[in-house]
Amino acid sequence: MPEILERNRVVAAQFQHPLTDVYRTLRAQVLQALHHEGKTTIGITSANPDEGKTLTAVNLAIATAMDENKTVLLVDADLREPGVAECLGIEPTNGLEDYLMGTATITDCLINPGIERLSILPAKTRMGNSAELLASSNMLQLVWELKTRYPNRLIIYDLPPVLTVSDTISFLPAIEATLLVVRDGATRTSDLSRALHLLANHSLIGTVLNAAQ
Ligand SMILES: Nc1ncnc2c1ncn2[C@@H]1O[C@H](COP(=O)(O)OP(=O)(O)OP(=O)(O)O)[C@@H](O)[C@H]1O
Ligand SMILES: [Mg+2]
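Rules of the game
Residues numbered from 1 in each chain as written. Chains lettered and ligands numbered in written order. Predicted model: local features only at pLDDT ≥ 70, side-chain atom pairs only at ≥ 80, totals over all residues. Heavy atoms only, no water. Buried < 20%, exposed > 50% of the residue type's maximum accessible area, 1.4 Å probe, protein only. Helix = DSSP H or I, 4+ residues; strand = E, 2+ residues; numbered from the N terminus. Pairing = 2+ DSSP bridges. Right-handed = clockwise from strand over helix to strand, strands pointing away. Near = heavy atom within 4 Å. Polar contact = N/O pair within 3.5 Å; in protein donor to acceptor, adjacent residues only side chain to side chain. Areas by Shrake-Rupley, 256 points an atom, 1.4 Å probe, with all protein chains shown as cover. Nonpolar A, V, L, I, M, F, W, Y, C, P; charged D, E, K, R; others polar. UniProt positions renumbered as here; feature names shortened; annotations may be inferred. Contact = heavy atoms within 4.5 Å.

A few words now on the pairing of strand β5 (residues 177-183). Judged by how many residues are buried, β5 sits mostly within the fold: six of seven residues are covered. Alignment of β5 against strand β6 (residues 204-210), held across six bridges, turns out to be parallel. Bridging from a neighbouring strand, Val182 pairs with Leu209 of β6. Each parallel crossover has a hand, and the one from β5 via helix α10 (residues 189-199) to β6 is right-handed.

Turning our attention to the site of ligand 1. Neighbouring residues of ligand 1: 14 residues in total, closest Asp50, Lys53, Thr54, Leu55 and Asn210. At 3.4 Å, a backbone N or O of Ala211 approaches a nitrogen atom of ligand 1. When isolated, ligand 1 has an accessible area of 630 Å², and the protein chains bury 73% of it. In terms of residue count, the dominant contributor to the shell around ligand 1 is helix α3 (residues 53-65) (three residues). Residues belonging to the shell around ligand 1 are distributed by class as follows: three nonpolar, three polar and eight charged.

Right, let's get into the UniProt feature "domain: AAA" (unreviewed entry) in the chain. On the UniProt side, "domain: AAA" (unreviewed entry) is annotated at positions that read residues 51-169 here. Its end C-alpha atoms 17 Å apart, residues 51-169 is made of 39% helix and 12% strand.

A word on the environment of Leu142. Its place among the elements puts Leu142 in helix α8 (residues 137-149). For the pair Leu142 and Gly95, spaced 47 residues apart in the sequence, the C-alpha separation amounts to 13 Å. When near neighbours in sequence (up to four residues on either side) are disregarded, Leu142 contacts Leu96, Tyr99, Ile106 and Leu121.

Right under this line is the structure:
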């Protein structure tokens, strides 16, 4: 398990790794921004695919769970390209899609990945209708139910990109804050501008520069 995490750049649980501090700083900034307004739910998105949303969401979740006073739930809400379970080296039996289709309960889907104070609600399979599922009433019901069931937990949603999945923006009003991941050398300036424009009315609390040299 530690080897898989290291290979996948999941470093936030290591004390010695040079990047651990980067994610701790991100944790501090995020928690401060959320705490200030009494918020507990945050979505991680980006302009386009492959810019580091999942890696950021997983490391932020672990960095937060390292704080003994915090508990965290990480939800893989990217049914277009689920990545959280793989990133953590987990093979889930049930996933978000099973809950949304009514074949599993929330409790059936939750996993403890072996890190204290961290729970995962994974997704298993790529869904062709991922955009519709994200904006479905079942999904909105889930967000509400998780927030009320775990009022003191930080709930992090790993989301699809905003420019290529139409319903990402439709989903954002359901959560309280958004982080935009920008990949150094990959995200085009014009795409960043479009993404920022789309996110302008959706509680964007900041951007994360991923893979900076
Ligand atoms: N800072 C980084 N340094 C090196 N590799 C990285 C970095 N960030 C992400 N990657 C790698 O790039 C790939 C995409 O990262 P990740 O899965 O986090 O992006 P994503 O935005 O969630 O992608 P998708 O749109 O497919 O969901 C992965 O193989 C990941 O390990
Ligand atoms: Mg991803």
